[in-house]
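Listed here are the chains, written in short residue letters.
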2 protein chains.
Amino acid sequence: MTVDYMRFLSSRSNWIEKSLLADIMKKASDLRKSGKKLIFLSAGDPDPNLIPREELARIAMEVLSNEPRSVLYTPVNGIPELREELSKFLRRYDGIDVPPDNIIITVGGTGAIDLLGRVLIDPGDIIITENPSYINTLLAFRQLGARIIGAPMDDKGLIPEKVEEIINRAEEEGKKVKLIYTIPTGQNPMGVTMSESRRRELLDIACDYNLLIMEDMAYNYLIYEDINVRTLKSLDREGRVISVGTLSKVLGTGFRVGWIIAEDVILQKVLMEKQPIDFCAPAISQFIALEYLRNGLFERYHIKVALPAYRRKRDALIRALEENLPDLRFTRPVAGMFSMLSLPEDVDGVKFAERLMTSQGVVVVPGAPFYTDNTGLNTIRLNFSRPSVEEIENGIKMLSEYLRKLSL
Amino acid sequence: MTVDYMRFLSSRSNWIEKSLLADIMKKASDLRKSGKKLIFLSAGDPDPNLIPREELARIAMEVLSNEPRSVLYTPVNGIPELREELSKFLRRYDGIDVPPDNIIITVGGTGAIDLLGRVLIDPGDIIITENPSYINTLLAFRQLGARIIGAPMDDKGLIPEKVEEIINRAEEEGKKVKLIYTIPTGQNPMGVTMSESRRRELLDIACDYNLLIMEDMAYNYLIYEDINVRTLKSLDREGRVISVGTLSKVLGTGFRVGWIIAEDVILQKVLMEKQPIDFCAPAISQFIALEYLRNGLFERYHIKVALPAYRRKRDALIRALEENLPDLRFTRPVAGMFSMLSLPEDVDGVKFAERLMTSQGVVVVPGAPFYTDNTGLNTIRLNFSRPSVEEIENGIKMLSEYLRKLSL
């Protein structure tokens, strides 16, 4: 090899950071391949046994046999039938009234966030997020040169006064905040859900200071209590909220079917930039998603079968944490897939997670990379959607035993 | 709506251009939906009837029923089994020796090109391409702020002297050329294939001037003659060639399975940036592609059944052009999916294509947007892979009749 590649790298590639989440997933995949038995309390996957895979298998068979479009490029914004079906779905389950042409089908919620980032974010722009927030969004925005400032949450979600403080402090520095990125329901990684009144306050702030809000609805269909919260989008009267959503947690993270809800020039810019970036979301997945929705599988399976099962897993995690680690703090999610556990202050969460995986075969994700300000070093994000109740119980037991062993 | 979205747009979003290809696909989709019968001589799709859909349907059914990983996130670089299978495939069919860990599974070749662009291209960087070249790559690079300079082709492909002229002229202006993007086999849109000696000359130029070459292998598996050309990658002794490939034209454009072959820090940067951009290529597609390759469907079906059928379609197109438009110039492809037709000099290809679609229901793509320098205004790119032999014959007949009508 005689080429010095360093001189060919773009300067913007300096903003690309290592992703601990991707590393952990890869390491776990290698361990699994080498035959090691693992308990996954880690990635944001649904439970493959709480996805109606037999029905999806039949759907896929029909679709590939009978629908030639399922193997070809689709229009850049997705097949019209799916956008129509999603329009109905969003009205029914998210209280959002959006015409099909304002929906763009993306490569998961991940693709949606990156596409919007490319249209909205210039290097140096300030984006406010929750602190902590979803690591892949933080990395996506930072790769575009954004400066991220996180606002703290309490048990009702993002604290509005703290958001205003950040905006005002930025203004004093002569800088403007462009956007607030929030996961109001079942926040990743904290597991907190924003109350209805906090949602209204956040919209007021966006209005007062003329900001946009990017609402990430990834966990909107994993709600375990009668909490009566509306999407920011449904409360939005001014067009300030750009929504990002996905069927990943319901249909399966592997299909890569998400969406953007946008208007006006933002919609147009995304439509124009998209085809050279991904050409289209996978056609096979779009047609499977279409039949999933049309055949009422969301009601018949997700709501009736999967959701109660996820609730039981959530309960099992909380119970296991209360029994095994009663002296530690952890969040009690009413929605989503995660609880955030705080280990003792002096424990390095990143190292703990690494050793827990290699020595005990329990895979968790350290919370530190999700924090926007180098705090949370002792935190661990626990996923309860993927593992079984038994794996949750064993995993937390092994985690607590390992913790005890460390402190000896 | 009270929000003025214009103030939220990033300045880089100014580099986003309208894509005529996307528009045509959308318009055709709308027309199809409204019931209009269309002949597609347009998009770069394979023929859905030359894809073993019944076998893929069975594979999909098995995969979804029996492989839980098929509905979940995969590692960012793709499932290891597919990368291993592709490593064998690339050795056998492209003469490329690459370890599985140097392969990244991407969202089609499109995703591969954009991911590499983000790592390699800074605003203002000069990229040399063929003139004309694939529109989505031109748009992808321009969206990243690249300045594209196209070098002409003859019937042997890219003309090396012209490439050197561009490099030297840039150097006189105090600018450096970073990268040459080329589709050596079955070039899109010209239909030309680069000769073996030209490939060697191009590598010599890359070596002499210290450039990288991005080799797009999209059409490597659609070769109709015994042409004996090797991939640039297989001739590369210095690591100058970064390869982008895809199963799209063989398995189906709708699956979104492509790859990057890279080394060293370029491989690392792509691996690091990728998960926040797309999380992973669709799992269902990766597992289908894996079984497609493992079950020998590339040999049993693509080589034995599809390839001869595509050759017949290529022959039918050339014959139809010779019979109906003997006075016009058109390329005679030995590989790929396209022939480029030059209409009379005074005909606006963009307007012609638009009216041909709306009035005659024949969908073609004007060549002009593929040109890097505002030439080729009278050109039309004709796809022969998607339509049947009968549709090709009728489509070209209708095109020539419409052309005759216009000149009256």
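Conventions and cut-offs
- Residues numbered from 1 in each chain as written.
- Chains lettered and ligands numbered in written order.
- Predicted model: local features only at pLDDT ≥ 70, side-chain atom pairs only at ≥ 80, totals over all residues.
- Heavy atoms only, no water.
- Domains from an automatic or database assignment.
- Contact = heavy atoms within 4.5 Å.
- Buried area = accessible area lost by both parts, 1.4 Å probe.
- Salt bridge = Lys/Arg side-chain N within 4 Å of Asp/Glu carboxyl O.
- Buried < 20%, exposed > 50% of the residue type's maximum accessible area, 1.4 Å probe, protein only.
- Helix = DSSP H or I, 4+ residues; strand = E, 2+ residues; numbered from the N terminus.
- Pairing = 2+ DSSP bridges.
- Axes fitted to C-alpha atoms, helices over the stretch in contact; angles between N-to-C directions.
- Parallel < 35°, antiparallel > 145°, perpendicular 65-115°, else oblique.
- Nonpolar A, V, L, I, M, F, W, Y, C, P; charged D, E, K, R; others polar.
- Phe/Tyr/Trp six-rings, centres within 6.5 Å; stacked < 30°, edge-to-face > 60°.
- Right-handed = clockwise from strand over helix to strand, strands pointing away.
- Least-squares fit on C-alpha atoms with pLDDT ≥ 70 in both.
- Lys, Arg positive; Asp, Glu negative; His and termini not counted.
- Polar contact = N/O pair within 3.5 Å; in protein donor to acceptor, adjacent residues only side chain to side chain.

1. A look at the domain arrangement of chain A
By a widespread convention, an interface's size corresponds to the accessible area lost as its parts come together.
All names here are of chain A.
Move 1: Taken domain by domain, chain A holds domain 1 (10–51 + 299–407) and domain 2 (73–295).
Move 2: The distance between the C-alpha centroids of domain 1 and domain 2 comes to 24 Å.
Move 3: Facing the 37 residues of domain 1 at the interface are 42 residues of domain 2.
Move 4: Both faces considered, domain 1 and domain 2 share a buried interface measuring about 3,200 Å² in area, 59% of it formed by carbon and sulfur atoms.
Move 5: Broken down residue by residue, the surface that domain 1 buries against domain 2 is led by W15, V334 and T372, which jointly contribute 19%.

2. Some points on the pattern of salt bridges
Move 1: In the structure shown here, the tally under the stated rule is 62 salt bridges over all chains.
Move 2: The partner of B:R91 in a salt bridge is B:D97, with the nearest N and O atoms 2.7 Å apart.
Move 3: In this structure B:R91 comes out as partly exposed when scored by relative accessible area, which is 43%.
Move 4: For B:D278, the salt bridge goes to B:K274, with nearest N and O atoms at 3.0 Å. Of the two residues, B:D278 and B:K274 both sit in helix α10 (residues 264–278), 4 residues apart, roughly one turn of that helix. Pair check on accessibility: B:D278 and B:K274 agree, each one buried.
Move 5: Here the salt bridges share partners, and the residues they tie into one network are A:E67, A:R69 and A:E81.

3. A closer look at the sheet that holds strand β6 (residues 177–182) of chain A
Residue and element names in this part refer to chain A.
Move 1: One open sheet accounts for 8 strands, arranged β2-β9-β8-β7-β6-β3-β4-β5; its pairing is mixed. Among the strands making up the open sheet, the edge pair consists of β2 (103–106) and β5 (157–158).
Move 2: The sheet contacts of helix α10 (residues 264–278) involve β2, β7 (212–216), β8 (241–246) and β9 (258–261), and relative to β2 the element is tilted by about 35°.

4. Topic: the packing of α10(A) against helix α4 (residues 108–120) of chain B
Move 1: Their axes nearest at 6 Å, the elements α10(A) and α4(B) cross at an angle of 100°. Comparing their axes, α4(B) and α10(A) come out roughly perpendicular. Residues A:Q275, A:P276, A:I277 and A:D278 of α10(A) touch α4(B), and the partners they reach there are B:T110, B:G111 and B:D114.
Move 2: Broken down by class, the residue content of the contact of α10(A) with α4(B) amounts to 2 nonpolar, 3 polar and 2 charged.

5. Let's talk about the packing of aromatic side chains
Residues and elements named next belong to chain B.
Move 1: Scanning the entire structure with this criterion turns up 20 aromatic pairs over all chains.
Move 2: Judged by centre distance (4.8 Å) and plane angle (85°), the rings of F89 and F298 are edge-to-face. Within this pair, whereas F89 is found in helix α3 (residues 80–94), its partner F298 is found in helix α12 (residues 297–324), the two being separated by 209 residues in sequence.
Move 3: The exposure class assigned to F89 is buried, which follows from its relative accessible area of 5%.
Move 4: With centroids separated by 5.8 Å and ring planes inclined at 90°, the aromatic side chains of Y221 and F298 adopt a geometry described as edge-to-face. With a gap of 77 residues between them, Y221 in the loop between β7 (212–216) and α8 (232–235) and F298 in helix α12 connect regions that are remote in the sequence.
Move 5: Judged by relative accessible area, Y221 falls into the buried class, the value being 5%.

6. Side note on the interface of chain B and chain A
Move 1: Tallying the contact residues gives 100 residues for chain B and 100 residues for chain A.
Move 2: Taken together, the two surfaces of chain B and chain A that pack against each other cover about 8,900 Å², and 60% of this comes from carbon and sulfur.
Move 3: Taken together, chain B and chain A are joined by 4 salt bridges.
Move 4: Two residues, B:K33 and A:E84, come together in a salt bridge whose shortest N-O distance is 2.8 Å.
Move 5: Only α1 (20–33), α2 (53–66), α3, α4, α5 (135–143), α10 and α11 (283–294) of chain B provide two or more residues apiece to the side of chain B that touches chain A.
Move 6: For the side of chain B that touches chain A, a count of residues per class yields 48 nonpolar, 23 polar and 29 charged.

7. Focus on the sheet that holds β7(B)
Sheet strands associate in pairs through backbone hydrogen bonding, adopting either a parallel or an antiparallel arrangement.
All names here are of chain B.
Move 1: Ordered in space as β2-β9-β8-β7-β6-β3-β4-β5, the 8 strands form an open sheet in which the pairing is mixed. If you trace the sheet from one side to the other, it starts and ends with β2 (103–106) and β5 (157–158), each paired once.
Move 2: Pairing geometry for strand β8 (residues 241–246) and strand β9 (residues 258–261), over 4 bridges, is antiparallel. When the bridges of β9 are listed, T246 appears paired with G258.
Move 3: Contacts from α4 reach β2, β6 (177–182), β7, β8 and β9 within the one sheet, and its direction differs from that of β8 by about 155°.
Move 4: Docked against the sheet, helix α7 (residues 196–208) engages β4 (147–154), β5, β6, β7 and β8, running at close to 145° with respect to β7.

8. A closer look at the pairing of β4(B)
Residue and element names in this part refer to chain B.
Move 1: Bridging between strand β3 (residues 126–131) and β4 involves 6 bridges; their strand directions are parallel. Within β4, the residue paired with I127 across the bridge is I148.
Move 2: Taken together, β3, α5 and β4 form a β-α-β motif whose crossover is right-handed.
Move 3: The pairing of β4 with β5 spans 2 bridges and is antiparallel.

9. Focus: unusual backbone geometry
Move 1: The omega torsion across A:N131 and A:P132 is 0°, close enough to zero to call that bond cis.
Move 2: Looking at where A:P132 falls in the secondary structure, it is placed in the loop between β3 (126–131) and α5 (135–143).
Move 3: Between B:N188 and B:P189 the backbone carries a cis peptide bond, its omega angle lying at 15°.
Move 4: Checked against the element boundaries, B:P189 lands in the loop between β6 and α7.
Move 5: At A:N228, a position not held by glycine, the phi torsion is positive, near 55°.
Move 6: Checked against the element boundaries, A:N228 lands in the loop between β7 and α8 (232–235).
Move 7: Despite not being glycine, B:R256 has its phi angle at roughly 65°, a positive value.
Move 8: Looking at the element boundaries, B:R256 is found in the loop between α9 (248–251) and β9.
Move 9: Overall, the relative accessible area of 0% leaves B:R256 in the buried class.

10. Focus on the relation of the copies chain B and chain A
Move 1: You can overlay chain B on chain A at an RMSD of 0.0 Å; the transform is a turn of 180° with a shift of 0.0 Å along its axis. The superposition operator between the copies reduces to a two-fold rotation axis. The C-alpha atom lying nearest the rotation axis in chain B is that of B:M61; the distance is 2.8 Å.
Move 2: Looking at the interface residues of chain B, 100% of them are also at the interface in chain A, so both copies use one shared face.

11. As for the environment of B:D47
Residue and element names in this part refer to chain B.
Move 1: Relative to the helices and strands, D47 resides in the loop between β1 (39–40) and α2.
Move 2: For D47, a relative accessible area of 9% puts it in the buried group.
Move 3: Between the C-alpha atom of D47 and that of E165, which follows or precedes it by 118 residues, the distance is 40 Å.
Move 4: Among all residues touching D47, those that are not within four sequence positions of it are Y310, K313, S385, R386 and P387.

12. Some details on the side chain of B:E215
Residues and elements named next belong to chain B.
Move 1: Relative to the assigned elements, E215 resides in strand β7.
Move 2: Here E215 sits buried without a salt bridge, and the closest side chain of opposite charge, R199, lies 4.5 Å off (N-O distance).
Move 3: Polar contacts involving the side chain of E215 include one to the main-chain amide nitrogen of L232, which spans 2.8 Å.
Move 4: Once residues lying within four places of it in the same chain are set aside, the contact partners of E215 are T182, P184, R199, T231, L232, K233, V241, I242, S243 and V244.

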